[in-house]
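# Chain and residue survey
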Number of protein chains: 4
Amino acid sequence: MENYEQGKLHEECGIFGIYAKDGMNVASACYYGLYALQHRGQESCGIAVNDDGLIACHKDVGLINDVFTAEEIARLSAGQMAIGHTRYGTMGGSGRTNAQPLVVNHVKGCMALAHNGALTNAAELREELELQGSIFHMTSDTEVISYIITKERLTSGSIEEAVSRAMDRLKGAYSLVIMSPTKLIAVRDPHGFRPLCIGTLGENTVFTSETCALDSVGAHFVRDVEPGEIVIVDKNGMRSDRSHVGIAPKTTCIFEYLYFARPDSVIDGSSVHNARLRAGALLALEHPVQADVVIGVPDSGIDAAIGYARQSGIPYGIGLIKNKYIGRTFIQPTQSDRENKVRIKLNPVAEVVRGKRVVMVDDSIVRGTTSARIVRLLREAGAKEVHLRSSAPEFLNPCYFGTDIDSRENLIACNHTVEEIAQIIGVDSLGFLSREGVTKIPENSSGFCAACFTGDYPCEPPKNPGKSKFERKISEGKES
Amino acid sequence: MENYEQGKLHEECGIFGIYAKDGMNVASACYYGLYALQHRGQESCGIAVNDDGLIACHKDVGLINDVFTAEEIARLSAGQMAIGHTRYGTMGGSGRTNAQPLVVNHVKGCMALAHNGALTNAAELREELELQGSIFHMTSDTEVISYIITKERLTSGSIEEAVSRAMDRLKGAYSLVIMSPTKLIAVRDPHGFRPLCIGTLGENTVFTSETCALDSVGAHFVRDVEPGEIVIVDKNGMRSDRSHVGIAPKTTCIFEYLYFARPDSVIDGSSVHNARLRAGALLALEHPVQADVVIGVPDSGIDAAIGYARQSGIPYGIGLIKNKYIGRTFIQPTQSDRENKVRIKLNPVAEVVRGKRVVMVDDSIVRGTTSARIVRLLREAGAKEVHLRSSAPEFLNPCYFGTDIDSRENLIACNHTVEEIAQIIGVDSLGFLSREGVTKIPENSSGFCAACFTGDYPCEPPKNPGKSKFERKISEGKES
Amino acid sequence: MENYEQGKLHEECGIFGIYAKDGMNVASACYYGLYALQHRGQESCGIAVNDDGLIACHKDVGLINDVFTAEEIARLSAGQMAIGHTRYGTMGGSGRTNAQPLVVNHVKGCMALAHNGALTNAAELREELELQGSIFHMTSDTEVISYIITKERLTSGSIEEAVSRAMDRLKGAYSLVIMSPTKLIAVRDPHGFRPLCIGTLGENTVFTSETCALDSVGAHFVRDVEPGEIVIVDKNGMRSDRSHVGIAPKTTCIFEYLYFARPDSVIDGSSVHNARLRAGALLALEHPVQADVVIGVPDSGIDAAIGYARQSGIPYGIGLIKNKYIGRTFIQPTQSDRENKVRIKLNPVAEVVRGKRVVMVDDSIVRGTTSARIVRLLREAGAKEVHLRSSAPEFLNPCYFGTDIDSRENLIACNHTVEEIAQIIGVDSLGFLSREGVTKIPENSSGFCAACFTGDYPCEPPKNPGKSKFERKISEGKES
Amino acid sequence: MENYEQGKLHEECGIFGIYAKDGMNVASACYYGLYALQHRGQESCGIAVNDDGLIACHKDVGLINDVFTAEEIARLSAGQMAIGHTRYGTMGGSGRTNAQPLVVNHVKGCMALAHNGALTNAAELREELELQGSIFHMTSDTEVISYIITKERLTSGSIEEAVSRAMDRLKGAYSLVIMSPTKLIAVRDPHGFRPLCIGTLGENTVFTSETCALDSVGAHFVRDVEPGEIVIVDKNGMRSDRSHVGIAPKTTCIFEYLYFARPDSVIDGSSVHNARLRAGALLALEHPVQADVVIGVPDSGIDAAIGYARQSGIPYGIGLIKNKYIGRTFIQPTQSDRENKVRIKLNPVAEVVRGKRVVMVDDSIVRGTTSARIVRLLREAGAKEVHLRSSAPEFLNPCYFGTDIDSRENLIACNHTVEEIAQIIGVDSLGFLSREGVTKIPENSSGFCAACFTGDYPCEPPKNPGKSKFERKISEGKES
């Protein structure tokens, strides 16, 4: 799958938190951690640093590389705790407003918060708060969460008690890192939709979305935060509030394994790379074909292609080269050049596909338009046959838990049979991994949300999804 | 007085609002209006445009010139109402957060707000709101005002009723322009500390801090907003809520006439230029001296210098040339070059002062350090005598109504007699306009706040001024 | 006169050079010197620093403020000599290429060069050089000069000998500062069209276009470079080559006094401020009028207005306020808003002109369009009569010596009588300073070029002025 | 191999030219072509467009993405021919000066030129030219080439005749695209050190360094430019001057196949991808080992790893994940964090290497420091054994033909035996592809320069390599 490209799904966030006892530069650690989480969100990013109870924050629209200069990191260098965030979101003016971490000041002390996920009752909570006179600056769920925690904090003895009480009110997907003046807290919703793990770096503690971010700062993986768990670190060490553990079945997003997460990460005990290899192997079993070479669509189709090749015995080859220099300001070719658009980003290696029967493995098929263009390129480069295999089943249902699979109209599989899709894309055969197969790809194969494929939602969808999902435009309103 | 320079006072804001009936480009009008108000605040600026109830906003740290490109103005071009803001504030990271207009979304519809002034009960109101669970993102009073109005709005029949009720709770200085989905509202506190006026441009209505901003968009001056008045414009025309008019004595800030406002503005019926001419004339009467030439310190000492020259009969001359290219990123000379620092910005015209007895008129003396350097330059250029005249009396008291005269320690007049100051600055004589004189400088000479000179505060100062004044650092807090 | 504005004349450059014996930061001195020369050119600027024979250079399109950051100045801080340049030129892509100083490397050592002026035989010299195989990167005369010097250098014993021989070939206007590995050299053409002066700062030597740049670095004025003189500074001190002194009559540009130079500068022994006062006084004698107030058009009409006021006895007043925040990226009002365009930049002080007979003094009238708009503003503000006085005579002829008065079509005085111009501009009376009067305005009133007024060129104009003047578009060419 | 990283070799340039007969947007085509050539140079880039003989050029330091905005491309959109360039070079101030294309104006018409390669007689030619009075602005060989052509042009009947004569004087490596007012010319030196090929796009002709750039604009490959050939396109079509063909043996740089070129390119009839596969296969034959998995160092070690895996029968695996977001402004970790530096950029997939005997294939070993760090990461991730295989032989000699292999001191193989290197890097075994093997990797295996491995230079190295190679600092010089 491809960043900066239409017709692709987007994860909504990566989060990172560090509590340092040994004087290490926490802003710098956050910076490197966010680099490892950049794939989870490229719209905006931010770091908040806590220096003896005083929180300084820098955040803006852009990649880590754009937002954080050496001067900025130096300015944030004093502190004992930090949290960071990378965010995917729609382009445009409101982006900066929604950048995280969110820093909140109140009489009981300040709080900073970074969030990955999506609430299913955000609209109700927001309306309730507004009717009490609350003002919202952002359009994201994160502000709702911070309000709920702040309200509870007024009558709670501690921030962790406030967080625990807030969890009784929040529904849907949320992995959070929260920083109070003296504590760093990690929270994962009772379903565990989004990943969250714990690492140590000497005496220091790290919480983050993926283990690859632990690696990037040299931290060692300890364990995942359990669904429903609140983990608190302060000067007395780490402790856990398990009052919400087990109140709902664990349903981690299966698409984290298929596409969102980095292959070098391990989520809830299952390697992402291995899961993709297995997806490829299962695809080979479910949809075998006589062919000469197996190629993957870079970057996230590569692992499954190797899995397919190994299982099938068909050689793996590098059939497509991705241009790694395409950046944010790339000028899109005009309509008449649309074929070239794909060719600039992805070019076939003719020697690998010429005269060959090619199995092309991709992580998923959303709209099908990019796949169709790639297939045309392969044929122009001389491929005799092209057999497309998708390591995700057909997308048939919107996701309400933090990804942007939202409209049935744009999902090709909602409106066409597999045979029709094969014809539209122009392939000789097409195979999707089955709904049964997909939940078997992680090594520890139980407890997944695959509602986008099955429609089987682990918790109630939003009442008015059109309103609650994604950005509401700033300030639409009527007045009597 | 000099922008970008220490030892100078700063006004906190300029505001502008426009309601257009004829389809004119309201963002563009705001842009030109803010250019005319740039002297009232150079830290950040913003424009919010209301297009059929949908509010789009762009704001950032920087001058109008930096923040608004042609593309940005084009992006905001659709709309029937707009409000704009220029803000003075401290440099640094929190600046962007505090930029205005502030846009607020709530169940009764959205609201945008721009504020000039300072509340004296902001800390109390904020604490009260926080104890009810409110979250604050900004450190400025403006967010407090928006909360109070929003809370009242929930139980009010209209936005103007909410504003009126909010005025019962707000104390201190506030001139506001407020935009609801369908109305543009101007509000001035019952004391009328900060200016606010009304203009028309064809069928369109403009509210703004100074008349020079009316001129810049070709609008005609109608009248000032009265202290305590709420003026509402909507599709039915303009109306006024006078329920708070007359509940407090009018006490417009006298320093608007001496320094803050542009000389081509007319405030509450008195020309700023004329007020400065009169200040100069009164100075000549109160502190006459035998001399050969009268010069003004650019830019705001020029008018008073002409007034002094006319009254005294001593010729007016251009004794100092100001470099108009010094911008934000000017590299300050090192310590050893400190004298040059002034010389780069302000250079004497030797021919005008050589061998002469010079009267040098400045608008005010805060710390005295810049004055001392200018005097040295004049003497090096050959001035035989230098007689300094300040069109403001001695600063002796902090201001709580929207300027940054806050610390007695930095005010040279708090710690020294006039004779001592003359010696420190190195002048042959020194004269301040008297406290009696200063309130006579506007043509309509009644109803002024001159508390910075007299200590006679028109309303109760904040209880804990250290906390309530200016920026609180983001997020200092303790937790039990 | 107004920067960034059409219908105004532009000087082409300011130059600065420093030779330091005492270890002072020469890049920093250049930086402050260029700030004082910014009015002479706002298109591009640059600094070249010589550190023991190794020349580092930074230059770009933009104001000093934009081009030089603290980091850039720090990077250039090591060195014993530096030269700097500010340049006026047309906007657009080729600007960066033409930025100066120009650094040249050759077998006899490197050379850096900064130039103010315009050659009248540039086209011939360039063609001659191209026919010998020379390649030109820039479109300016400066590259021609550097070629001529470099060619002579190959057969000369020293750089100063090469410069002297080059002067035999160069015709027209050139003030130069040149830096060789060990020497700093100042050169002024035999006519002395453009100013150039010498200052000292302790043991260090400064060459620059105007004395205000000496002031800005705290240097003391020593004397002007004489027309035709070559002044050389090296470790042995300062010496002079006078071989070209006196070979042509001195003809300094009179317009330096009227408009180009800063009023706090002294050129060839005459104060610019005083010259403008005298221009105003002469105007009052030549074109008296019954009036109530004399106002100047900021910035360069102010001094002459004071001169007119003093001579006539009519009071001087501040009738127009200039907005000092209009920057490069100011968005021009649309056609329909054209009147506002002037009003944003220049606003009348109604109190000063209302009901009054106003004498409005400007430094010159080129096209007349801006004057007409200002006059309309004054009348709208209530002026009863407006009498325009120009301290420059009528422009009737192109200038070939470094300003952009080039096309007769755009000069209103070429096509209209004074009466017609008065009517076009809409004034009650109009007076230009006489051609006799204008050469009397400097205190040392002899040796001026006033060809733009008189057509009396002190040296032969270019043969093909259309080709030789200003930028040739990069690369127009034909090939057989 | 890794961009932006020390210890890696750098190619010096990519070039692109297009002659359009059908009105297509040539600037836009150049833009997409340069994107495909970005890997050949990331320091600066530029595009020059010829519109009926008038050449407009934009170039600057930065990636294509940074240098070219949509506005800039739009500004250049009118034209019938264009050439483009991407350049590798040292960072720093002089970069912008050396950006290409180089545009030259002379009496016979203008010329634009883009160059890939390095002359071996540049210093001699430059000195000769300087002694004739030529001035150099750039430090690169390209300006020397443009001078030689320009000089010859003065006495030649056509640009192609001038180019042909210039070839008699130029020694070393040069692939050029040249644009005259009416012609587009491609030139490859008689040795053919650097690639250059011809494509067509409808009626339009494209010249470029690599075929992947043909693909990116949808052009079809026609043939390579032959070593020594001059190919001219104008309105009469394409023709060839073969006067320099065959005067030297063909010696294409072998390292183009190993590292520089993109795997989807085909150079002189041999696929780069296939060459790398063969390098891997030959490595497996020359240096077999018992192992469990073969991994490649991304990006350029991947192809050879697959070749090794196929030949050896050991499974290929994805052992290292490269972070694709590391950009120019990435803040390098401090010394104490040095291990992390590699880990941020390259993270092992523990599941792939844990408990395994790993063959790690890289394209080459220059200093060995990065290899050593990667090996440590693999061992920390659980690799039982690590066997390093380099698809390039040992670097033992500087390159004078356009790459930066210049100093023997930095080449680990110059100072250590293979066993010592294995120990330094920390691997269980180490194998370099043999010098015999490397020239067999292209399918058409004859005519290569492998002097960096063998010391067998196909033409005489520069007399004073220290002076002639790479950037001379601007302007070092002495003067009598």
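Residues numbered from 1 in each chain as written. Chains lettered and ligands numbered in written order. Predicted model: local features only at pLDDT ≥ 70, side-chain atom pairs only at ≥ 80, totals over all residues. Heavy atoms only, no water.

## Quick look at the overall build of chain A
- A tally of regular secondary structure across chain A gives 19 helices and 23 strands.
- Relative to the 2.2 N^0.38 estimate, which gives 23 Å for 480 residues, the radius of gyration of chain A is 23 Å and therefore close to what a compact globule would have.
- For chain A, the residues scored as buried account for 68% of the 480 residues in total.
- Taking as baseline every contact in chain A between residues at least 6 positions apart, the subset at least 24 positions apart corresponds to 70%.
- When the accessible surface of chain A is split by element, carbon and sulfur atoms take 49% of a total near 15300 Å².
- Across chain A, the centroid of the 51 positively charged side chains sits 2 Å from that of the 59 negatively charged ones. (Helix = DSSP H or I, 4+ residues; strand = E, 2+ residues; numbered from the N terminus. Rg over C-alpha atoms; globule rule 2.2 N^0.38 Å. Buried < 20%, exposed > 50% of the residue type's maximum accessible area, 1.4 Å probe, protein only. Contact = heavy atoms within 4.5 Å. Areas by Shrake-Rupley, 256 points an atom, 1.4 Å probe, with all protein chains shown as cover. Lys, Arg positive; Asp, Glu negative; His and termini not counted. Charge placed at Lys NZ, Arg CZ, Asp CG, Glu CD.)

## Brief notes about the sheet that holds strand 17 (residues 293–296) of chain C
Residues and elements named next belong to chain C.
- Strand order in the open sheet made by the four strands is 17-20-21-22, with parallel pairing throughout. The outermost strands of the open sheet, each flanked by one partner alone, are strand 17 and strand 22 (429–432). Across this sheet, the average inter-strand angle for adjacent strands is 20°, counted without regard to direction.
- Along the sheet, helix 10 (residues 272–286) contacts strand 20 (357–362), strand 21 (385–390) and strand 22; its crossing angle with strand 22, the most-contacted strand, is approximately 125°. (Pairing = 2+ DSSP bridges. Axes fitted to C-alpha atoms, helices over the stretch in contact; angles between N-to-C directions.)

## A word on helix 1 (residues 26–37) of chain A
Residue and element names in this part refer to chain A.
- The terminal C-alpha atoms of helix 1 lie 16 Å apart, and with twelve residues this matches the ideal 16 Å at 1.5 Å per residue to within 8%.
- Burial runs high along helix 1: twelve of the twelve residues are buried.
- Inspection of helix 1 places Val26, Ala27, Ser28, Ala29, Cys30, Tyr31, Tyr32, Gly33, Leu34, Tyr35, Ala36 and Leu37 among the buried residues, and these make up the whole buried set. (Expected span 1.5 Å × (residues − 1).)

## Here we look at the relation of the copies chain A and chain D
- With an RMSD of 0.0 Å, the fit of chain A onto chain D corresponds to turning through 180° and sliding 0.0 Å along the axis. Here the two chains are linked by the operation of a two-fold rotation axis. Every residue of chain A has its C-alpha some distance from the rotation axis, and the shortest such distance is that of Lys324(A), at 3.6 Å. (Least-squares fit on C-alpha atoms with pLDDT ≥ 70 in both.)

## What to know about the interface of chain C and chain B
- Between chain C and chain B, the contact holds 54 residues from the first and 54 residues from the second.
- Where chain C abuts chain B, roughly 4300 Å² becomes buried across the two surfaces, and 57% of that area is made up of carbon and sulfur atoms.
- When the buried area of chain C at its contact with chain B is split by residue, Tyr32(C), Tyr325(C) and Ile331(C) rank highest and sum to 17% of it.
- Viewed at the interface, chain B and chain C are joined by two salt bridges.
- At the surface where chain C touches chain B, the tally comes to 18 residue pairs in polar contact (both at pLDDT 80 or more).
- When the residues that make up the side of chain C that touches chain B are grouped by side-chain class, the tally is 25 nonpolar, 18 polar and eleven charged. (Buried area = accessible area lost by both parts, 1.4 Å probe. Salt bridge = Lys/Arg side-chain N within 4 Å of Asp/Glu carboxyl O. Polar contact = N/O pair within 3.5 Å; in protein donor to acceptor, adjacent residues only side chain to side chain. Nonpolar A, V, L, I, M, F, W, Y, C, P; charged D, E, K, R; others polar.)

## Observations regarding the side chain of Asn274(B)
- Looking at where Asn274(B) falls in the secondary structure, it is placed in helix 10 (residues 272–286).
- By relative accessible area, which is 19% here, Asn274(B) ends up buried.
- When sequence neighbours within four positions are dropped, the list of residues in contact with Asn274(B) reads Glu443(B) and Glu351(C).

## So, the interface of chain A and chain D
- At the junction of the two partners, chain A supplies 54 residues and chain D supplies 54 residues.
- Between chain A and chain D, a total of about 4300 Å² is buried, with carbon and sulfur atoms accounting for 57% of that surface.
- The largest share of the area that chain A buries against chain D comes from Tyr32(A), Tyr325(A) and Ile331(A), three residues that together contribute 17% of it.
- Put simply, chain A and chain D have two salt bridges between them.
- Here Asp299(D) ties to Lys324(A) by a salt bridge, and the two come within 2.8 Å at their closest N and O atoms.
- Remark: the boundary between chain A and chain D carries 18 residue pairs in polar contact (both at pLDDT 80 or more).
- Among the residues making up the side of chain A that touches chain D, the classes are represented as 25 nonpolar, 18 polar and eleven charged.

## What to know about the arrangement of the chains
- These two, chain A and chain C, are apart from each other, with no contact and a minimum C-alpha gap of 12 Å.
- With respect to C-alpha atoms, chain B approaches chain D no nearer than 12 Å, and the pair has no contact.

## Description of the packing of helix 6 (residues 141–154) of chain A against helix 7 (residues 159–167) of chain A
All names here are of chain A.
- Close contact between helix 6 and helix 7 brings their axes to 8 Å; oriented N to C, the two are set at 125°. Regarding the angle of helix 6 to helix 7, the classification is oblique. Along this stretch, helix 6 crosses helix 7, giving a crossing that reads as right-handed. Mapping the contact onto sequence places Ile148, Ile149, Glu152 and Arg153 in helix 6 and Ile159, Ala162, Val163, Arg165 and Ala166 in helix 7.
- In terms of residue class, the contact of helix 6 with helix 7 is built from six nonpolar, no polar and three charged. (Parallel < 35°, antiparallel > 145°, perpendicular 65-115°, else oblique. Left-handed = near helix turned anticlockwise from the far one by under 90°.)

## Digging into the pattern of salt bridges
- Counted by the stated rule, this structure contains 96 salt bridges over all chains.
- For Arg343(C), the salt bridge identified is with Glu380(C), shortest N-O distance 2.7 Å. Note that Arg343(C) is positioned in helix 12 (residues 338–345) and Glu380(C) in helix 14 (residues 369–380), a separation of 37 residues in sequence.
- A residue is classified by how much of its surface remains accessible, and Arg343(C), at 12% relative accessible area, is buried.
- With a shortest N-O distance of 3.0 Å, Lys322(D) and Asp299(D) are connected by a salt bridge. In this pair, Lys322(D) is assigned in strand 18 (residues 320–322) and Asp299(D) in the loop between strand 17 (293–296) and helix 11 (302–312), connecting sequence segments 23 residues apart.
- Classification of Asp299(D) as partly exposed rests on a relative accessible area of 34%.
- The structure contains a network of salt bridges with shared partners spanning Arg40(A), Arg194(A), Glu210(A) and Glu256(A).

## Focus: the packing of helix 10 of chain B against helix 11 (residues 302–312) of chain B
Residue and element names in this part refer to chain B.
- Taken N-terminus to C-terminus, the directions of helix 10 and helix 11 make an angle of 45°; their axes are 7 Å apart at the nearest point. In this view, helix 10 runs oblique relative to helix 11, as classed from their interaxial angle. Note on packing geometry: the crossing formed by helix 10 with helix 11 is right-handed. Of the residues in helix 11, those in contact with His273, Arg276, Leu277, Gly280, Ala281, Leu283, Ala284 and Leu285 of helix 10 are Asp303, Ala304, Ile306, Gly307, Tyr308, Arg310, Gln311 and Ser312.

## A few points about the relation of the copies chain C and chain B
- Aligned on chain B, chain C shows an RMSD of 0.0 Å; the corresponding rotation is 180° and the shift along the axis is 0.0 Å.
- Take the interface residues of chain C: 100% of them recur as interface residues in chain B, which is what a same-surface contact looks like.

## Examining the confidence of the model for chain A
- Summing up the model confidence of chain A, the mean pLDDT is 89 and the portion of residues at 70 or higher is 91%.
- Contacts for the low-pLDDT stretch residues 1–7 of chain A, under 50 throughout, to residues beyond four places or in other chains number 30 contacts. (pLDDT = per-residue confidence, 0-100.)

## Concerning the packing of aromatic side chains
Residues and elements named next belong to chain A.
- A complete count under the given rule lists 54 aromatic pairs over all chains for this structure.
- Taking the centre distance of 5.0 Å and the plane angle of 45° together, the rings of Phe136 and Tyr147 count as tilted. Here Phe136, found in the loop between helix 5 (122–131) and helix 6, pairs with Tyr147, found in helix 6; they are eleven residues apart in sequence, far enough to count as distant. In this structure, Phe136 and Tyr147 share a single accessibility class: buried.
- Through a chain of ring-to-ring contacts, the aromatic side chains of Phe255, Tyr259, Phe260, Phe395 and Phe453 assemble into a single cluster.
- We note Lys250 situated over the ring of Phe448; from NZ or CZ to the ring centre the distance is 4.9 Å. (Phe/Tyr/Trp six-rings, centres within 6.5 Å; stacked < 30°, edge-to-face > 60°. Lys NZ or Arg CZ within 6 Å of the ring centre and 35° of its normal.)

## Notes on the sheet that holds strand 22 (residues 429–432) of chain D
Residue and element names in this part refer to chain D.
- Pairing within the open sheet is parallel, and its four strands lie in the order 17-20-21-22. Each of the sheet's edge strands pairs with one partner strand only, and the pair in question is strand 17 and strand 22. When strand polarity is set aside, the average angle formed by the axes of neighbouring strands in this sheet is 20°.
- Of the strand pairs in this sheet, strand 17 and strand 20 (residues 357–362) are connected by four bridges, and their pairing is parallel. Residue pairing in the sheet places Ile295 in a bridge with Met360 of strand 20.
- In the packing of helix 11 onto the sheet, the strands contacted are strand 17, strand 20 and strand 21 (385–390), and the crossing angle to strand 17 comes to about 160°.

## Some points on helix 10 (residues 272–286) of chain A
Residue and element names in this part refer to chain A.
- Here helix 10 spans 21 Å end to end across 15 residues, near enough to the 21 Å set by a 1.5 Å rise per residue.
- Among the 15 residues in helix 10, eleven count as buried, and that is most of the element.
- Buried within helix 10 are the following residues: Val272, His273, Asn274, Ala275, Arg276, Leu277, Ala279, Gly280, Ala281, Leu283 and Ala284.
- One side-chain oxygen at the N-terminal end of helix 10 lies 3.3 Å from the backbone nitrogen of His273; it belongs to Ser271.

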